[in-house]
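Notes for the structure review
Chain by chain, the residues run as shown.
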Amino acid sequence: MSLQRRLLLYLLICAPLVWGVALYFSIQRARHEVNEMFDTQLIRLARQVYATAGHGDPQGGFTMLPAAPREGAADAGESDVRDLAVAVWDDKGGMAMSDREGVDLPYRPAASGFVDEQVAGRPWRVYYLQTVDGRWLVAAGQGVYERDELVYGLTITQVVPWLLVLPVLLVVMTWAVRRALAPMRQLTDELAGRDAQDLQAVPDA
């Protein structure tokens, strides 16, 4: 195999491979940033509910929060609040307050901070917060699939331009290798056409 073909083969293999590795780390970084952002939102949501529950008994019994707007409602925008859940339990495990999705959140009396849960057969990330007096346990959760959708959306916005540029990059690299090795190819052709007894010096050019 000629030097030119070897170089081209290495480049055509290594360029997509390096691109794939860079894409993998880009996805991991995007996932970290998205999780950090949504985790902060869950903490804030739990603290807001905590501020309400911490003042005493929520009306003395179970309270169901208003239902989420239906998909396509004018005030819903592009967000889907059905991917969020809130629940409050008393110290005996009785549910004191919840929204529609919060009813399915598991009661974890010893939990504190973030816990990965299975809610209705789907993975959720739930933040648990105990009130200072120990009377109430607040939980705010979000479906992991909502986060994955955002990560995949961000990834696609990066992948599509690179997929369009990659073939152009490979063509440019092929042209550059051929251009750089052109003098060597000319020298090879000249030497191949010489007689075996021709000891004339090779032209400097």
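From a predicted model like this one, the values you see are computed outputs, not experimental measurements.

Conventions and cut-offs
- Residues numbered from 1 in each chain as written.
- Predicted model: local features only at pLDDT ≥ 70, side-chain atom pairs only at ≥ 80, totals over all residues.
- Heavy atoms only, no water.
- Phe/Tyr/Trp six-rings, centres within 6.5 Å; stacked < 30°, edge-to-face > 60°.
- Helix = DSSP H or I, 4+ residues; strand = E, 2+ residues; numbered from the N terminus.
- Buried < 20%, exposed > 50% of the residue type's maximum accessible area, 1.4 Å probe, protein only.
- Pairing = 2+ DSSP bridges.
- pLDDT = per-residue confidence, 0-100.
- Contact = heavy atoms within 4.5 Å.

1. Quick notes on the packing of aromatic side chains
The tally for this structure, following the rule as stated, stands at 4 aromatic pairs. Judged by centre distance (6.4 Å) and plane angle (25 degrees), the rings of Trp89 and Tyr128 are stacked. Here Tyr128 lies in strand S5 (residues 122–130) and Trp89 lies in strand S2 (residues 84–90), a separation of 39 residues in the sequence. Here the two residues Trp89 and Tyr128 agree in accessibility, since each one is buried. Three or more aromatic residues joined by ring pairs make a cluster, and in this case those are Trp89, Tyr107 and Tyr128.

2. Regarding the pairing of S5
In the sheet, strand S4 (residues 113–119) pairs with S5 via 7 bridges, with the strands oriented antiparallel. From the neighbouring strand, Asp116 faces S5, where its bridge partner is Arg125. Hairpin remark: S4 followed by S5, antiparallel, with 2 residues in the connecting loop; positive phi at Ala120, about 55 degrees. Across 7 bridges, the pairing between S5 and strand S6 (residues 136–143) is antiparallel. Bridging across to S6, Gln130 finds its partner in Leu137. Between the end of S5 and the start of S6, which pair antiparallel, lie 5 residues, with Gly134 showing a positive phi angle near 75 degrees.

3. Some points on the confidence of the model for the protein
The share of residues in the protein with pLDDT of 70 or more is 85%, and the mean pLDDT across the chain is 81. Taken element by element, the protein is modelled with least confidence in strand S1 (residues 63–64), mean pLDDT 52, and with most confidence in S5, mean pLDDT 92. Below a pLDDT of 50 lies the segment residues 66–79, which in the model reaches 7 contacts outside its immediate sequence neighbourhood of four places, other chains included.

4. What to know about the pairing of S6
In terms of residue burial, S6 counts as a mostly covered element, since 8 of its 8 residues are buried. Burial along S6 is two-sided: Trp136, Val138, Ala140 and Gln142 and Leu137, Ala139, Gly141 and Gly143, pointing in opposite directions, are all buried. The pairing of S2 with S6 spans 7 bridges and is classified as antiparallel. The residue of S6 that forms the bridge with Val86 is Ala140.

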